[in-house]
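Single-letter residue listing:
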Amino acid sequence: MAQELNRLGVASAYDRWAPIYDLVFGPVFRRGRRAAIDAAETVGGRILEVGVGTGISLPHYRHDSRITGIDIADQMLDKARDRVRRLKLNHVERIAIGDAEALDFADASFDVVVAQYVVSAVPHPDRALSEFLRVVRPGGMIVIATRLGAEAGMRAKIERALMPITSRLGWRTDFPWSIYGDWAARNPQAELIERRPLPPLGHFSLVCFRRAADAQDNHPTPALGATA
């Protein structure tokens, strides 16, 4: 990547966004949120939302689901906790600090892992994807709403040029599909079941993987060169 992210920098950036996040990004990501929630609820049950932020998605899950939300930005989580209290969201079991690259949950703890606009904002996307695969049960689903960068051409050049700016804001513009495709090729227990562009312009996509039903004894492969 042209410009690396780091965990503390991302947390600090999103803490700064916390007071205005819903106002600025709520409308932009509304359709992606709805698509991700609808996909997650085709499975239902225990759902982990990684990067829950201000909890803007939480009221929209069915109340027979059981939701755990984590994020690295504590000021964002303060907003989420307040939302849970105000709206009496009894289906939300836990809101807590958590790192997408090192989830504090046992293997196969959840029926679904949801990550909305998160994977492009972590320092090591492969590690996060492997953690999602580890904590979802065999037969469960990983649901990702994500920005996908251009693979080539002028748009790709612009996205790479913007990386020094957007990385300070907490996300990448240069984020090609190959990050997902290469990870899935190394982890055959992750079956791609959906990839579709989201309106209005198709710069965002819904990406869903199912963990193979016979994957109990398989362990996700970490990023090449990653340390344990």
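Provided above is the structure to which this section pertains.
We now turn to the structure provided with this report. (Residues numbered from 1 in each chain as written. Predicted model: local features only at pLDDT ≥ 70, side-chain atom pairs only at ≥ 80, totals over all residues. Heavy atoms only, no water.)

1. Some words on unusual backbone geometry
Note the threshold: Only runs of H or I of at least four residues qualify as helices and only runs of E of at least two qualify as strands under DSSP, and these elements are numbered from the N terminus. For the exposure calls, accessible area comes from a 1.4 Å probe over protein chains only, and a residue counts as buried if that area is under 20% of its type's maximum, exposed if over 50%, partly exposed in between.
Of note in the backbone geometry, Lys88 takes a positive phi value of approximately 50 degrees without being a glycine. Positionally, Lys88 belongs in the loop between helix 4 (74-87) and strand 3 (92-97). Positive phi outside glycine occurs at Tyr117, with the angle close to 55 degrees. Here Tyr117 shows up in the loop between strand 4 (110-116) and helix 5 (125-135). Judged by relative accessible area, which is 12%, Tyr117 ranks as buried.

2. What about the nonpolar core?
The line we're drawing: The term nonpolar core refers to a set of buried residues drawn from Ala, Val, Leu, Ile, Met, Phe, Trp, Tyr and Cys, joined through side-chain atoms within 4.5 Å. Only heavy atoms enter the contact rule, under which two residues are in contact if any of them lie within 4.5 Å.
Among the nonpolar cores identified, the biggest contains 30 residues, and Leu48, Val50, Phe132, Tyr180 and Phe209 are the most heavily contacted of them. Residue assignment for this core shows that the elements contributing at least two residues are strand 1 (46-50), strand 4, helix 5, strand 5 (136-147), helix 7 (178-186) and strand 7 (204-211). Broken down by element, this core gets its largest block of residues, 5 residues, from helix 5. When near neighbours in sequence (up to four residues on either side) are disregarded, Leu48 contacts Thr68, Ile70, Leu103, Phe105, Phe110, Val112, Val113, Val114 and Val135. Grouped together as the second largest cluster of nonpolar side chains are 27 residues, Val84, Leu89, Val92 and Leu206 included.

3. Here's the deal with the sheet that holds strand 1
Put simply, the test is: Only when DSSP finds a minimum of two bridges between them are two strands counted as paired. With axes taken as lines fitted to C-alpha atoms, and helix axes fitted only over the stretch in contact, angles between N-to-C directions fall between 0 and 180 degrees.
Spatially, 3-2-1-4-5-7-6 is the arrangement adopted by the 7 strands of the open sheet, whose pairing is mixed. The sheet terminates laterally at strand 3 and strand 6 (190-198), the two strands that pair on one side only. For this sheet, the mean inter-axis angle between neighbouring strands, taken without regard to orientation, is 15 degrees. When strand 1 meets strand 4, the two strands line up parallel, connected through 4 bridges. Paired with Ile47 across the strands is Val112, a residue of strand 4. Each of strand 1, strand 4, strand 5, strand 6 and strand 7 is contacted by helix 3 (residues 30-40), which is oriented at about 170 degrees to strand 4, the strand it contacts most.

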